[in-house]
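Observations on the model geometry
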Amino acid sequence: MIKIEAIVREEKMEDVKEALSEIEVNGITVYQVMGCGMQKGYKEVIRGSEILITMLPKIKFEIVVSNEEWAEKTIEAIKKAAYTGNFGDGKIFTYDLASVVRIRTGETGTDAIN
Ligand SMILES: Nc1ncnc2c1ncn2[C@@H]1O[C@H](COP(=O)(O)OP(=O)(O)OP(=O)(O)O)[C@@H](O)[C@H]1O
Ligand SMILES: [Mg+2]
């Protein structure tokens, strides 16, 4: 099982949700987060002073899928939906996941995902 974390632009949340729904990835968790990447935010002039805005609001998706094939499909869908080509488009991280339990049924592992 593989866990995918994707950090995307706020305004791309709906597009990413739709793209995941289209490939029938249904279990998702979404967070509102703050973060920065390579550019460490940007400078903005507020009431005459230049202020460095270091943390920008972003959306984080967490998705667990059963295997590599699904992970690739999911990553492709997110990449396509979240892309603008500008700085700050986001990142996708993947992890090997040790276990999953569906509380209602007691199912574990991939049975608990599908
Ligand atoms: N190395 C990292 N570790 C954890 N979170 C990160 C990392 N890099 C980026 N993020 C998260 O992803 C968000 C978007 O990052 P961003 O797309 O700006 O990455 P980047 O490396 O600066 O790429 P780009 O040059 O395209 O802007 C950040 O606000 C932060 O929440
Ligand atoms: Mg950046």
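Since we're looking at a predicted model, the values are computed, not measured.

With that settled, consider the pairing of strand β3 (residues 42-46). Looking at chain direction, β3 and strand β4 (residues 49-53) are connected through five bridges and run antiparallel. In the sheet register, Y42 faces β4, and the bridge partner there is I53. Hairpin remark: β3 followed by β4, antiparallel, with two residues in the connecting loop; positive phi at R47, about 45°.

Core analysis: the largest hydrophobic core is formed by 17 residues, its most contacted members being V8, V16, L20, F61, I63 and I78. For this core, the elements supplying multiple residues, two or more each, are β1 (2-8), α1 (13-22), β5 (56-65) and α2 (68-82). Ranked by the residues each element gives to this core, the list is headed by α2, at five residues. The residues contacting I63, other than those within four sequence positions of it, are I2, K3, I4, L20, V25, G27, I28, T74 and I78.

Let us now look at α1. Within α1, the full set of buried residues consists of V16, A19 and L20. The buried residues of α1 all sit within an arc of 100° when viewed along its axis, so they share a single face. Elements in contact with the buried residues of α1: β1, β2 (28-35), β5 and α2. Looking at the residues trailing α1, positive phi occurs at E24, about 65°.

Below, the discussion takes up the site of ligand 1. Every one of the 13 residues lining ligand 1 counts as a neighbour, but G35, M38, G88, G90 and K91 are closest to it. Take G88: an N or O atom from its main chain is 2.6 Å from an oxygen atom of ligand 1. At 2.7 Å from an oxygen atom of ligand 1 is found a main-chain nitrogen or oxygen belonging to G90. Across the complex, the protein chains shield 70% of the 600 Å² of accessible surface that ligand 1 would expose by itself. Placement of ligand 1 is best described as lying within the largest pocket. Ranked by residue count, the leading element in the shell around ligand 1 is strand β6 (residues 90-96), at three residues.

Taken N-terminus to C-terminus, the directions of α1 and α2 make an angle of 150°; their axes are 9 Å apart at the nearest point. Remark: the crossing between α1 and α2 carries right-handed chirality. For the pair α1 and α2, the contacting residues are D15, V16, A19 and L20 in the first and T74, A77, I78, A81 and A82 in the second. Of the residues that constitute the contact of α1 with α2, the class distribution is seven nonpolar, one polar and one charged.

Criteria and cut-off values
Residues numbered from 1 in each chain as written. Chains lettered and ligands numbered in written order. Predicted model: local features only at pLDDT ≥ 70, side-chain atom pairs only at ≥ 80, totals over all residues. Heavy atoms only, no water. Pairing = 2+ DSSP bridges. Helix = DSSP H or I, 4+ residues; strand = E, 2+ residues; numbered from the N terminus. Core = buried A, V, L, I, M, F, W, Y, C linked by side-chain atoms within 4.5 Å. Buried < 20%, exposed > 50% of the residue type's maximum accessible area, 1.4 Å probe, protein only. Contact = heavy atoms within 4.5 Å. Arc of directions from axis to C-beta. Near = heavy atom within 4 Å. Polar contact = N/O pair within 3.5 Å; in protein donor to acceptor, adjacent residues only side chain to side chain. Areas by Shrake-Rupley, 256 points an atom, 1.4 Å probe, with all protein chains shown as cover. 1 Å grid on protein atoms, 1.4 Å probe; cavity = no way out; pocket = protein on both sides within 12 Å on 5 of 7 lines; lining within 4 Å. Sits in = over half its atoms within 2 Å of the grid points. Axes fitted to C-alpha atoms, helices over the stretch in contact; angles between N-to-C directions. Left-handed = near helix turned anticlockwise from the far one by under 90°. Nonpolar A, V, L, I, M, F, W, Y, C, P; charged D, E, K, R; others polar.

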